[in-house]
Amino acid sequence: MRIGVTGGAGYIGSHIVQDLLEEGHEVVVIDNLSTANEANILNREGAGPAGYSFIEGDVGTDAGLAAFFAAGPLEVVFHFAAWKAAGESMTAPEKYSANNLRGTLRLIEGMLEHGCRDFIFSSSAAVYGEPQYLPIDEKHPKQPINYYGFTKLVIEQNLEWFARLRGLRFAALRYFNAAGYDLRGRVRGIERNPANLLPLLMDCAVGTRSEIQVFGQDYDTPDGTCLRDYIHVNDLSRAHILAMHAIRKNDESLTVNLGSEEELSVQQMLDVARKVTDKAIPQKNTERRPGDPPRLVASSALAREILDWRAEHSDPETLVQTMWDVYRDQS
Ligand code: WQD
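For clarity, every value in this text was computed on a predicted model and none was experimentally measured.

**Details of the overall build of the protein chain**
A count of helical and extended segments in the protein chain gives ten helices and 13 strands. Rg of the C-alpha trace for the protein chain: 19 Å, near the compact-globule value of 20 Å for 331 residues, within the 12% margin. Dimensions of the protein chain along its principal axes, counting C-alpha atoms only, are 50 × 45 × 40 Å. Burial statistics for the protein chain: of 331 residues in total, 54% are counted as buried. Across the protein chain, every contact between residues at least 6 apart in sequence was considered, and the portion connecting residues at least 24 apart equals 78%. Total accessible area on the protein chain is roughly 14100 Å²; 48% of this is exposed by carbon and sulfur atoms.

**Here's the deal with unusual backbone geometry**
Cis geometry marks the peptide bond from Leu 134 to Pro 135, where omega comes out at -5°. In this structure, Pro 135 sits in the loop between strand 5 (118-124) and helix 5 (147-166). Here the phi dihedral of Glu 261 falls at roughly 70°; this positive angle occurs in a residue that is not glycine. Topologically, Glu 261 is positioned in the loop between strand 11 (254-258) and strand 12 (264-265). Here the phi dihedral of Asp 308 falls at roughly 55°; this positive angle occurs in a residue that is not glycine. Looking at where Asp 308 falls in the secondary structure, it is placed in the loop between helix 9 (301-307) and helix 10 (316-329).

**Some points on the site of the ligand**
Taken together, the neighbourhood of the ligand is formed by 19 residues, with Leu 197, Gln 213, Arg 228, Arg 289 and Asp 292 sitting nearest. One nitrogen or oxygen atom from the side chain of Ser 124 is found 3.0 Å from an oxygen atom belonging to the ligand. Within the contact set of the ligand, an oxygen atom lies 2.5 Å away from a side-chain nitrogen or oxygen of Asp 292. Protein contacts shield 90% of the accessible area of the ligand, which totals 690 Å² for the unbound molecule. Elements with a minimum of two residues in the shell around the ligand: helix 6 (197-206) and strand 8 (212-215). When residues of the shell around the ligand are assigned to their parent elements, the largest contribution, four residues, is made by strand 8.

**What about the environment of Gly 51?**
Note that Gly 51 resides in the loop between strand 2 (26-31) and strand 3 (52-56). Separated by 256 residues in sequence, Gly 51 and Leu 307 place their C-alpha atoms 27 Å apart. Beyond its immediate stretch of four places on either side in the chain, Gly 51 contacts Leu 21, His 25, Glu 26 and Val 27.

**Topic: the packing of aromatic side chains**
Scanning the entire structure with this criterion turns up six aromatic pairs. When the ring of Tyr 181 is compared with that of Tyr 327, the centres are 6.4 Å apart and the planes differ by 75°; the resulting orientation is edge-to-face. You can see Tyr 181 sitting in the loop between strand 7 (177-179) and helix 6 and its partner Tyr 327 sitting in helix 10, a full 146 residues away along the chain. For the pair Tyr 181 and Tyr 327, a shared accessibility class is recorded, and that class is buried. An aromatic cluster is present here, built from Tyr 11, Tyr 181 and Tyr 327 joined pairwise through their rings. Lying across the ring of Trp 83, Lys 95 places its NZ or CZ 4.1 Å from the centre. Against the face of Tyr 219 rests Arg 288, its NZ or CZ located 4.0 Å from the ring centre.

**Quick notes on the pattern of salt bridges**
Taken as a whole and judged by the stated rule, the model has 30 salt bridges. Salt-bridge contacts for Arg 310 lead to Asp 308; the nearest nitrogen and oxygen are separated by 3.6 Å. Relative accessible area serves as the criterion here: at 40%, Arg 310 is assigned to the partly exposed category. The network of salt bridges with shared partners includes Glu 75, Arg 117, Asp 118, Arg 169, Arg 248 and Asp 251.

**Here we look at the side chain of Thr 151**
Considering the arrangement of structural elements, one finds Thr 151 in helix 5. Setting aside its immediate chain neighbours within four residues, Thr 151 contacts Tyr 96, Asn 100 and Leu 101.

**So, the sheet that holds strand 11**
Note on sheets: strands pair through backbone hydrogen bonds, and any given pair is parallel or antiparallel. The seven strands lie next to each other as 3-2-1-4-5-6-11, forming an open sheet whose pairing is parallel. For this open sheet the edge positions go to strand 3 and strand 11, each flanked by a neighbour on one side alone. Adjacent strand axes in the sheet meet at a mean angle of 15°, parallel and antiparallel pairs treated alike. Bridge count for strand 5 against strand 6 (residues 169-175) is seven bridges, and the pairing is parallel. Bridging from a neighbouring strand, Phe 121 pairs with Ala 172 of strand 6. Packed on one face of the sheet, helix 7 (residues 233-250) meets strand 1 (2-6), strand 4 (76-79), strand 5, strand 6 and strand 11 and runs near 155° to strand 6.

**Looking at helix 1 (residues 11-22)**
Taking 1.5 Å as the rise per residue, helix 1 with twelve residues should run 16 Å; its terminal C-alpha atoms sit 18 Å apart, in good agreement. Within helix 1, eleven of the twelve residues are buried, which leaves it mostly tucked inside the rest of the structure. For helix 1, every residue scored as buried is listed here: Tyr 11, Ile 12, Gly 13, Ser 14, His 15, Ile 16, Val 17, Gln 18, Asp 19, Leu 20 and Leu 21. Within two residues after helix 1, Gly 24 carries a phi angle of roughly 95°, on the positive side.

Parameters at a glance
- Residues numbered from 1 in each chain as written.
- Predicted model: local features only at pLDDT ≥ 70, side-chain atom pairs only at ≥ 80, totals over all residues.
- Heavy atoms only, no water.
- Helix = DSSP H or I, 4+ residues; strand = E, 2+ residues; numbered from the N terminus.
- Rg over C-alpha atoms; globule rule 2.2 N^0.38 Å.
- Buried < 20%, exposed > 50% of the residue type's maximum accessible area, 1.4 Å probe, protein only.
- Contact = heavy atoms within 4.5 Å.
- Areas by Shrake-Rupley, 256 points an atom, 1.4 Å probe, with all protein chains shown as cover.
- Near = heavy atom within 4 Å.
- Polar contact = N/O pair within 3.5 Å; in protein donor to acceptor, adjacent residues only side chain to side chain.
- Phe/Tyr/Trp six-rings, centres within 6.5 Å; stacked < 30°, edge-to-face > 60°.
- Lys NZ or Arg CZ within 6 Å of the ring centre and 35° of its normal.
- Salt bridge = Lys/Arg side-chain N within 4 Å of Asp/Glu carboxyl O.
- Pairing = 2+ DSSP bridges.
- Axes fitted to C-alpha atoms, helices over the stretch in contact; angles between N-to-C directions.
- Expected span 1.5 Å × (residues − 1).

Given below as structure tokens:
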């Protein structure tokens, strides 16, 4: 099939592009390179893989949208081009309303104008907000506590309406904490200006950052630091491909959590990073970060049931080792 991937030079998108090419699809990538790494543009040094094309542009604009569909019909669109920093969304909401809301809605309208009705949407556990019970399943109340999570919820609700009124078929995939790099080393471009724990730990290990701040050590958890559900990007990518086939085969949309169902603390991740990298990674214990729940862990039972999917590579050593294999080579 001919498949469009927005944000396909970014961290998650570049992994899905590799898996789609390997499955034999034609892949059209559009990315404005605002946070992507040019190393993930597969034809930047001449001919890239067969069936791969890249457009530098912003899919939320009419020009970007026209370019995305100009080369021919797209049967499926995977949408990763969005801002994802929860903290930033509270100080710069306009950036998120423009891109995550207006841009995504314009993309959906454009898809339908061009006869494309299959949409794979990168959603987030942030739609849930403060956990009212754990593990979090898809029935958990959706009360986002940051504007980023709100933008993801608003798009999910619009997808339900476009499914009902225009026959759009979608898969909304609610990521918990994505981490790791491709087990086979096919993705080499590291994220620029990361905000998440693991890339920041890697920056410390390569020396581009002097220390890691540990936000809070007095939570009601075994070691006092926050617990999170980290999911390997290869596990995430496999779920996306399975979801694409599922909505087409079943002719119905789906919304599922994607998590490992394992809880790992900040201190545990820091200790694993020191062991894997053999670097000191100095830490500074600081105050709690506002908005951080003590624990976040997924139930992925629905993804197991609908997609026959489960996390297979999301243990802490694999998460950190696959990141270190990429960061170390670029240090
Ligand atoms: C993880 C833990 C921090 C940095 C966010 C989004 C969520 C999803 C994943 C997209 C927390 C602690 C972090 C640091 C630290 N994104 N930490 N020092 O906040 O769980 O989730 O990314 O879908 O929507 O909200 O991820 O990596 O920022 O933090 O102590 O320098 O690490 O307090 O407990 P988070 P994170």
